[in-house]
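Spelled out from the first residue to the last, the chains are:
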Amino acid sequence: MNSPWWREAVTYQIYPRSFADADGDGTGDLAGITSRLDYLADLGVDAIWLSPFYPSPQYDYGYDVSDARDVDPVFGTLEDAEALLKEAHELGLKVIIDLIPNHTSSSHPWFIDALAAGPGSPERDRYLFRDGRGPNGDEPPTNWRSVFGQPAWTRVSDGQWYLHMFDREEPDLNWRHPEVIEEFRSVLRWWLDRGVDGFRVDVAHGLVKALRDQRVPEGGEPNSDPAVMYEIGVDDDPMWDHPDVHEIYRDWHKVVSSYPGERMLIAEAWTRAPGDLRGYLRADEFEQAFNFRWLQSHWSAREFTDAIVSTLEALNPSRAWPTWVLSNHDAMRHRTRYGDGAQALARARAATLMMLALPGAAYLYQGEELGLPHVQLPPEHQLDPWAEGGNGRDGCRVPLPWSGEAPPFGFGPGDGQPWLPQPYQWADLTVAAQTGRPGSTLEFYRSALAARRRYAHGDKEVKFLDVPKDVIAFRRGRLTVVINCGATPTPLPRGDVLICSGEPLASELPPDTAAWLLSDE
Ligand code: NOJ
């Protein structure tokens with residue numbers, strides 16, 4: 001592995017509820033993950049990132065944490081977490097865990113104490129409680145909506161309001177409070193002492209707020225979803241990217257870098273433009289920040305080029321290397337974003353192949369290596385608090401199919417059904433069905449990751465080639481990488497085809513396909 005390990009690592013995101021279920025209760029667990037780590041080592045990834053497994057009432061599927069130093073019984077025990085870490089390290093896999101500092105669960109002892117202690121108490125001061133506006137205080141303190149679309153303030157029985165930028169069961173912490181600051185230092189140490197290699201920091205752009213009304217264009221509505229608000233012209237963001245967040249990360253950097261090994265922090269920071277991520281990537285803050293540009297793009301050479309070029313330009317020149325991600329637990333799977341059926345799968349494979357050639361780190365989301373589509377679930381299975389309007393994130397969280405002809409497809413032992421139903425059609429997409437099958441998406445990912453390890457690293461520079469519209473091609477070291485987003489075949493650049501996401505023709509690249517070519521120059 002290169003040094004530092006994270007710079008060009010491929011990290012595989014595990015959503016613990018939906019990866020593998022060792023105890024057969026229908027929900028994935030840590031023992032299930034440990035039992036499948038050899039699959040991930042064999043796939044050829046360098047690291048895993050675990051979405052939250054902490055005690056939680058699961059209103060937001062674990063992002064509502066009630067104790068950041070333990071494991072929810074549904075996922076196992078602290079010993080299971082330690083066993084997972086040990087086994088992963090023995091297999092040469094690094095382990096990144098999720099840290100959720102913006103909010104706690106409403107079941108966190110601090111919030112329970114805050115409700116009991118009443119207005120003006122030190123307990124309330126750990127959160128963002130405020131009196132309301134209007135004659136009886138019955139208007140919220142600001143006009144904000146939560147990211148999930150509801151009002152961002154909830155009133156409690158004594159008349160005060162508390163802020164929650166996500167679900168109402170996820171009260172926001174007060175990051176001006178010394179106890180909050182000390183608590184998270186201590187949580188970092190708790191997991192660093194147990195050997196974790198890094199933290200994915202949830203909502204890193206949101207910890208400090210300017211509590212004033214959001215200005216909205218005339219006739220518009222307040223909006224706090226960074227994936228949407230800037231697009232629709234709501235560009236006043238008193239809740240995001242406050243300059244004071246950086247002091248917190250400078251402090252954490254000291255904690256993390258005081259440990260041996262190359263421990264790291266990666267920010268989930270939704271900023272207006274890729275260049276704004278630079279602030280988070282200063283030498284004494286985060287090692288990495290997610291770059292969501294490509295994940296937000298449709299199948300289009302123009303959108304892909306924008307995502308790639310703006311990212312590279314934003315970080316160049318700087319010490320920071322980019323990150324790339326096409327799918328995660330919050331977004332429609334890229335296979336489904338690109339259309340339907342076989343064509344969409346071909347496109348997803350092509351985009352992945354191009355992404356894996358770029359300088360920097362790549363993050364894969366569980367199941368993309370199987371070509372899983374986003375599932376349209378019946379209304380009774382749309383459980384996500386963000387699902388209002390019927391379009392939630394459950395569709396990318398359907399449990400993985402491992403083997404067999406019918407659900408639960410080896411997700412758990414026996415016939416017990418998983419927490420979200422798997423489509424019958426997945427019989428053909430299981431790990432067992434795809435292993436060793438020439439041309440399967442799983443074998444394609446294995447080959448692509450092996451080729452990346454061999455040929456796509458070290459060189460930060462990317463040189464774009466002059467190619468027809470709807471095609472993108474670039475050189476990186478000895479590699480030439482080309483993707484055809486158009487409707488007709490395009491000539492292949494010079495070089496020997498090393499790997500192709502589909503079937504290359506003699507001298508042409510078909511539509512919806514990408515290839516890597518190797519040349520000596
Ligand atoms: C971002 C996480 O990825 C998402 O799943 C969660 O709902 C919010 N942050 C709130 O923690």
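Reading guide: rules and limits
Residues numbered from 1 in each chain as written. Predicted model: local features only at pLDDT ≥ 70, side-chain atom pairs only at ≥ 80, totals over all residues. Heavy atoms only, no water. Axes fitted to C-alpha atoms, helices over the stretch in contact; angles between N-to-C directions. Helix = DSSP H or I, 4+ residues; strand = E, 2+ residues; numbered from the N terminus. Parallel < 35°, antiparallel > 145°, perpendicular 65-115°, else oblique. Left-handed = near helix turned anticlockwise from the far one by under 90°. Contact = heavy atoms within 4.5 Å. Nonpolar A, V, L, I, M, F, W, Y, C, P; charged D, E, K, R; others polar. Near = heavy atom within 4 Å. Polar contact = N/O pair within 3.5 Å; in protein donor to acceptor, adjacent residues only side chain to side chain. Areas by Shrake-Rupley, 256 points an atom, 1.4 Å probe, with all protein chains shown as cover. Expected span 1.5 Å × (residues − 1). Buried < 20%, exposed > 50% of the residue type's maximum accessible area, 1.4 Å probe, protein only. Pairing = 2+ DSSP bridges.

(A) The arrangement of the packing of helix α9 (residues 341–357) against helix α11 (residues 441–455) in detail. For the pair α9 and α11, interaxial distance at closest approach is 10 Å and the crossing angle is 15°. Considered as vectors, α9 and α11 are oriented roughly parallel to each other. Crossing of α9 against α11: the hand is right-handed. Within the contact between the two elements, α9 uses Leu345, Arg349, Thr352, Leu353, Met355 and Leu356 and α11 uses Thr441, Phe444, Tyr445, Ala448, Leu449 and Arg452. Here the contact of α9 with α11 is built from residues that sort into eight nonpolar, two polar and two charged.

(B) Representation of the site of the ligand within the structure. In the neighbourhood of the ligand, 13 residues make up the surrounding shell, with Asp60, Arg200, Asp202, His329 and Asp330 lying closest. Within the side chain of Asp330, a nitrogen or oxygen atom sits 2.4 Å from an oxygen atom of the ligand. Its free accessible area being 300 Å², the ligand has 97% of it covered by the protein chains. The residue inventory of the shell around the ligand, partitioned by class, reads four nonpolar, two polar and seven charged.

(C) Molecular detail of unusual backbone geometry. Cis geometry marks the peptide bond from Pro407 to Pro408; its omega dihedral reads 10°. Its place among the elements puts Pro408 in the loop between β11 (361–365) and α10 (431–434). The phi torsion at Tyr61 lies on the positive side, around 45°, for a residue other than glycine. Counting through the fold element by element, Tyr61 comes out in the loop between β2 (47–50) and α3 (78–90). If you check the backbone angles, Val203 has positive phi at about 50° while not being a glycine. As for its position among the elements, Val203 is in the loop between β7 (198–201) and α6 (245–257).

(D) Representation of α9. In a regular helix each residue adds 1.5 Å, so 17 residues correspond to 24 Å; α9 covers 25 Å between its end C-alpha atoms and thus fits that length. For α9, the tally of buried residues reaches 13 of 17 residues, placing the bulk of the element in the interior.

(E) The pairing of strand β18 (residues 513–518), seen in detail. Among the six residues in β18, six count as buried, and that is most of the element. Residues Thr513, Ala515 and Leu517 line one face of β18 and the alternating positions Ala514, Trp516 and Leu518 line the opposite face, and both faces are buried. In this structure, strand β14 (residues 479–484) lies alongside β18, joined through six bridges in antiparallel fashion. Pairing of Ile483 across the sheet is with Ala514, part of β18. Of the strand pairs in this sheet, strand β16 (residues 496–500) and β18 are connected by four bridges, and their pairing is antiparallel. Paired with Cys500 across the two strands is Ala515, which belongs to β18.

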